[in-house]
Amino acid sequence: MAEDSDLERTEDPSPRRLEEARKNGQVARSHELVTFSVVMTGIVALIVTSESILDALKHIIISNLTFDRALLADIDQLLVHFSQASFDALRALMPVLTATVVAAIAASIVLSGWLFTFNALEPKFSKLNPMTGIGRILSVRSVVEMVKAILKSGLIGGVAIATLWFEKEQIIQLVAMSPFTSLAFLFDLTKTTLLLVAGSMLLIVAIDVPFQLWDYKKNLRMTKAEVKQESKESDGDPQIKAKIRQLQMQAARQRMMSEIPKADVIVTNPTHYAVALHYDEKKMKAPRVVAKGSFLLAERIIEIGRDNKVPILRTPPLARALYHHADLGEDIPTPLYNAVAEVLAYIYQLNHYERFGGLAPELSKDLSVPADLDPGGEA
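These figures come from a predicted structure and were not determined experimentally.

Cut-off values and rules
- Residues numbered from 1 in each chain as written.
- Predicted model: local features only at pLDDT ≥ 70, side-chain atom pairs only at ≥ 80, totals over all residues.
- Heavy atoms only, no water.
- Helix = DSSP H or I, 4+ residues; strand = E, 2+ residues; numbered from the N terminus.
- Buried < 20%, exposed > 50% of the residue type's maximum accessible area, 1.4 Å probe, protein only.
- Contact = heavy atoms within 4.5 Å.
- Phe/Tyr/Trp six-rings, centres within 6.5 Å; stacked < 30°, edge-to-face > 60°.
- Expected span 1.5 Å × (residues − 1).
- Salt bridge = Lys/Arg side-chain N within 4 Å of Asp/Glu carboxyl O.
- pLDDT = per-residue confidence, 0-100.
- Pairing = 2+ DSSP bridges.

Points about the environment of leucine 155
Within the fold, leucine 155 resides in helix α8 (residues 140–166). Note: C-alpha distance between leucine 155 and valine 197 (42 residues apart in sequence) is 8.3 Å.

Written as structure tokens, this is what we have:
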């Protein structure tokens, strides 16, 4: 049952999945929104430019219905005459055509954003699979498209027929009207009909846009297994990352162990913590932590220190403070300068005593370790 649930597409598409689909030209589209935008923009453009269009149509009618006999006999002149009339008509309708083209592009950008890719033009033989085609025919999307087409045809056709039926008496009287009066009436009737048709399309757009967005996300849903695999690919396999961290820690530990023989002293707790310190007054501003560890690692630091004859001091408060507040490879904290200075002075005096004899040095039992830096005497 768990395996079946992992194979079900129940997870929302990830940003990476959406981006890949977008690169392949797969975005949410609503043809109804584009159609509505084109029709409504065309109507507005017609209303705004109605006077100039009517004037152009009048000029075309007059110029094309007024000619002499010589023109009828010259085919070349007729073609020139026809070309000029077509150019005048196109020039009059150019604002409307330009506005509709801009509206079509803007409607697509509003829903899915700007997208320019050639991936969608690549041939895909999977589209030739008959089973895939049958699946698309019997899908929920096909049923919705069929219902939408029936609703659109009935609604738009009904509105157009009702508008023409309401104006049937005026249409019948067109025969008795003058050419220019009938032309103006037909122009107004066209605008009114298109405006009502566009208004009725709002209902279809209100249904289609949410459905297209839902269907787009639904087709890109992912299984739980795909989500896990994508997470591994983007963030890296946890096992590989853990192995890399382990190797990095081992390398860092080896470098740390190689620095212990250079230490001037190792302070201990005595076995819970061990911190190795080194100080070169010519190169360093303050003593530096070259190694530190707890429990087994502390024992290993002490063992390497003994093998290399590094002085080892049992100073629990200082060892605890250095372990918890001094970073490996960094200078010791300023509040611990005095305590470490006392330890290093003792080591230098001890080395002098072992070489030349004299009065044996003693390390103060009460080192100046601030209480707030000492976590307390752990067992």
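Details of the environment of aspartate 280
Within the secondary structure, aspartate 280 sits in the loop between β4 (273–278) and β5 (288–294). A relative accessible area of 23% means that aspartate 280 is categorised as partly exposed. In sequence terms aspartate 280 and aspartate 264 are 16 residues apart; their C-alpha atoms lie 9.5 Å from each other.

Topic: the side chain of threonine 315
Here threonine 315 lies in the loop between β6 (312–314) and α14 (316–325). Not counting the four nearest positions on each side in its chain, threonine 315 is found in contact with Val267, Thr268, Leu363 and Leu367.

What about the packing of aromatic side chains?
All chains considered together, the criterion is met by 2 aromatic pairs. Between phenylalanine 211 and tryptophan 214, the ring centres sit 6.0 Å apart and the planes meet at 35 degrees, which makes this aromatic pair tilted. Note that phenylalanine 211 and tryptophan 214 are positioned in helix α10 (residues 179–219) at a spacing of 3 residues, about one turn of the helix. Classification of phenylalanine 211 by relative accessible area gives buried; the value is 13%. Take tryptophan 214: its relative accessible area is 41%, and that puts it in the partly exposed class. Judged by centre distance (4.5 Å) and plane angle (35 degrees), the rings of tyrosine 273 and tyrosine 323 are tilted.

Here we look at helix α3 (residues 31–48)
A rise of 1.5 Å per residue sets the reference length of α3, with its 18 residues, at 26 Å; its end C-alpha atoms lie 26 Å apart and thus fit the reference within 8%. Looking only at α3, the buried set comprises Glu32, Leu33, Phe36, Ser37, Gly42, Ile43, Ala45 and Leu46.

Some thoughts on the side chain of threonine 268
Here threonine 268 shows up in strand β3 (residues 265–268). Ignoring anything within four residues of it in the chain, the contact list for threonine 268 reads Tyr273, Ala274, Ile302, Ile312, Leu313, Arg314, Thr315, Pro316 and Ala319.

A short note on the pattern of salt bridges
One pass over the full model with this rule turns up 4 salt bridges. Glutamate 259 is the salt-bridge partner of lysine 262, the closest N and O atoms lying 3.6 Å from each other. By relative accessible area, glutamate 259 is classed as partly exposed at 29%. A salt bridge links arginine 300 to glutamate 303, with the nearest nitrogen and oxygen atoms 3.4 Å apart. Here arginine 300 and its partner glutamate 303 are both found in helix α13 (residues 296–307), 3 residues apart, which amounts to about one turn of the helix. Residue classification places glutamate 303 among the partly exposed residues on the basis of a relative accessible area of 41%.

Looking at the confidence of the model for the chain
In the predicted model, the chain carries a mean pLDDT of 78, and the fraction of residues at 70 or more is 82%. Mean pLDDT per element in the chain: helix α1 (residues 2–7) is the minimum at 50, and β4 is the maximum at 93.

Quick word on the pairing of β4
Counted residue by residue, β4 has 5 buried out of 6 residues, so it is predominantly covered. Pairing analysis gives 4 bridges linking β3 to β4, with the strands arranged antiparallel. Residue pairing in the sheet places isoleucine 266 in a bridge with alanine 276 of β4. In terms of strand pairing, β4 meets β5 through 6 bridges, oriented antiparallel. By the bridge assignment, valine 275 is partnered in β5 with lysine 292.

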